[in-house]
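Chain by chain, the residues run as shown.
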Amino acid sequence: MSFFIFGTIFALYLVRGEVVSWFIHKEDIAYISAGAKFLSSGGGGDTKIAAYLLLSAMEEDDVIEVKTAVEMADEWVVPVAAAGSTVLMKEDLPTGEEIVKALKKYEAVSGRKADAVISMEIGGINALTPLLAAFKCHLPVIDGDGMGRSFPELEMVHFYHTEIPVVPLTARSKDETLVINEAKHVPRTLKEFMFQQDGYCHFACFGASGSRMRAAMIPGTLKLALEIGKILAQNASIWMKIKQLRHAFFQSVYGEMELAFVGKIRAINRWFEAEMLVGTLELAGQMEYHKKRAKLYFQNEFLSFQVPDTCQCITPDLIILVHYETGLPIAVSELREGMMAMVLTVKAPGLYQTKKMLAQTGPEMFRIPNQFLQKETAGRRQQGENWH
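Residues numbered from 1 in each chain as written. Predicted model: local features only at pLDDT ≥ 70, side-chain atom pairs only at ≥ 80, totals over all residues. Heavy atoms only, no water.

Draft legend 1. Looking closely at the packing of helix α2 (residues 29–39) against helix α3 (residues 47–57). At a closest axis distance of 10 Å, the pairing of α2 and α3 adopts a crossing angle of 165°. Classified by the angle their axes make, α2 and α3 are roughly antiparallel. Note on packing geometry: the crossing formed by α2 with α3 is right-handed. Residues I29, S33, A36 and K37 of α2 pack against T47, K48, A51, L54 and L55 of α3. Partitioning the contact of α2 with α3 into residue classes produces five nonpolar, two polar and two charged. (Axes fitted to C-alpha atoms, helices over the stretch in contact; angles between N-to-C directions. Helix = DSSP H or I, 4+ residues; strand = E, 2+ residues; numbered from the N terminus. Parallel < 35°, antiparallel > 145°, perpendicular 65-115°, else oblique. Left-handed = near helix turned anticlockwise from the far one by under 90°. Contact = heavy atoms within 4.5 Å. Nonpolar A, V, L, I, M, F, W, Y, C, P; charged D, E, K, R; others polar.)

What follows is the structure in structure tokens.
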């Protein structure tokens, strides 16, 4: 990673005064759940599942300690996550002990005791998974994550492309435990384990010292999710919420948030492909956009937004579809014709603007159809194997 990028992120943190620990209270879980869904760009799994497990476990006066990036030093930090089908997870809810068992197995296999946990992706359910592990294991959680949003593959986590080893990786379903010690077998073996078991699992990997993790993570994203959730919960106009959301992103390591389009959903096409929900939708412009049409393309998450001949936003930048009246985010699985929606776009954090990460999370990796790309983007398309 560039020292310039990390230095800029560090400076932003000092400006914001994010130096000391803070605490998550039980009442904050609903806010973080809403904020994590917002940051997921339409995917990331149902945050309500992990929120339910946390709320069931916490008493009214319980808290979870959150450590900021500038506090991190030599403690051993372990990223934790859930993976697989949240549809199957809804049908057969986890007990909440799976992530604990995965973390304990990681400690046994690695010979390192976790001093803190961190999210692999702040978008969706995995913003809350480390909170559950932190609460049940009496550990602090780090304010940050490895993605800044949600993506469908483990290889798209920034940790994967640093010097932090992915192994050992330990995973737990309801009944079985998996240990992977060879990095080259991780993606395939983890997927096989998920779908041979309950269709989902919880896992731990990428353990590293605090100083190494600080250089590899996107800081402040947990606090941002909390702030977004509180803004969305206000009894305020949508325009006041948009103003406050812009301010929240302005103070973060993300780029500026823009209101890109307002319209009604007119056409939706969805299908399952390689275990992902893939599809397109069209918005008929309303208000000042009434003469325009917008197109979106998604693979679990929104990956491309385009208004022909005017503007475009494309992965890894965030494309967020929200209800016009409330500002609450809409997941790709929740799309319905006739919905009045806004499209918000946010520039991804600097770590995802590097050549290495653009190769992993840009349009070429997802094989986005040419009709959802501007001509200059489509012209740069590379030929190679599909990552599916």
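Draft legend 2. The arrangement of α2 in detail. For α2, every residue scored as buried is listed here: I29, I32, S33, G35, A36, F38 and L39. Backbone geometry just downstream of α2 places S41 in the positive-phi region, at approximately 55°. (Buried < 20%, exposed > 50% of the residue type's maximum accessible area, 1.4 Å probe, protein only.)

Draft legend 3. The arrangement of the packing of helix α9 (residues 221–233) against helix α10 (residues 238–250) in detail. α10 packs onto α9 with a crossing angle of 170° between their chain directions and a minimal axis gap of 10 Å. One way to sum up the angle between α9 and α10 is to call them roughly antiparallel. Residue-level contacts link L224, E227, I228, I231 and L232 of α9 to K241, Q244, L245, A248 and F249 of α10. Its residues placed into classes, the contact of α9 with α10 shows seven nonpolar, one polar and two charged.

Draft legend 4. Looking closely at the environment of D115. One can find D115 in the loop between α5 (98–110) and β4 (116–119). Look at D115 and you get partly exposed, because its relative accessible area is 36%. For D115 and W76, which are 39 residues apart along the polypeptide, the C-alpha to C-alpha distance reads 5.2 Å. There is a polar contact of 2.7 Å between the side chain of D115 and the backbone nitrogen of W76. (Polar contact = N/O pair within 3.5 Å; in protein donor to acceptor, adjacent residues only side chain to side chain.)

Draft legend 5. Structural context of the sheet that holds strand β13 (residues 293–299). Spatial strand order, β15-β14-β13-β12-β11-β17-β16: seven strands in an open sheet with antiparallel pairing. Of all the strands in the sheet, the pair left with one neighbour each is β15 (311–314) and β16 (318–323). Adjacent strand axes in the sheet meet at a mean angle of 30° when their direction is disregarded. Taken together, the 10 bridges between strand β11 (residues 257–273) and strand β12 (residues 276–285) define a ladder with antiparallel strand orientation. From the neighbouring strand, I268 faces β12, where its bridge partner is L281. Docked against the sheet, α10 engages β11, β16 and β17 (340–346), running at close to 90° with respect to β11. (Pairing = 2+ DSSP bridges.)

Draft legend 6. Quick peek at the packing of aromatic side chains. All chains considered together, the criterion is met by 11 aromatic pairs. Among the aromatic residues, those joined into a ring-pair cluster are F38, F249 and Y254. If you follow R149 out to its NZ or CZ, it ends over the ring of F151, 4.0 Å from the centre. In this structure, K223 is placed above the aromatic ring of W22, and the distance from its NZ or CZ to the ring centre is 5.0 Å. (Phe/Tyr/Trp six-rings, centres within 6.5 Å; stacked < 30°, edge-to-face > 60°. Lys NZ or Arg CZ within 6 Å of the ring centre and 35° of its normal.)

Draft legend 7. Representation of helix α7 (residues 186–196). Regarding α7, the residues found buried are V186, P187, T189, L190, F193 and M194. Those residues of α7 that are buried lie in contact with β3 (76–84), β6 (169–172), β7 (177–180) and β8 (200–204).

Draft legend 8. How the structure looks around unusual backbone geometry. Look at the link from V167 to P168: it is a cis peptide, with omega at 5°. Mapping P168 onto the fold places it in the loop between β5 (141–145) and β6. Following T315, the chain continues to P316 via a peptide bond in cis, the omega torsion being 15°. By the element assignment, P316 lies in the loop between β15 and β16. Of note, the phi angle at F206 is positive, near 60°, even though the residue is not glycine. Along the chain, F206 falls in the loop between β8 and β9 (208–209). Located in the positive-phi region is E275, a residue other than glycine, with phi close to 65°. Tracing the sequence through the fold places E275 in the loop between β11 and β12.

Draft legend 9. The arrangement of the pattern of salt bridges in detail. Taken as a whole and assessed by the stated rule, the structure comprises 11 salt bridges. With a shortest N-O distance of 2.8 Å, E75 and K67 are connected by a salt bridge. Both residues of the pair, E75 and K67, belong to the buried class. (Salt bridge = Lys/Arg side-chain N within 4 Å of Asp/Glu carboxyl O.)

Draft legend 10. Quick peek at the confidence of the model for the chain. For the chain, the average pLDDT comes to 92, and 91% of its residues sit at 70 or higher. Counting interchain partners and residues more than four positions distant, the pLDDT-below-50 stretch residues 1–8 has eight contacts. Predicted confidence is poor over residues 378–388, with pLDDT under 50, and the contacts of this stretch with residues over four places away or in other chains come to 27 contacts. (pLDDT = per-residue confidence, 0-100.)

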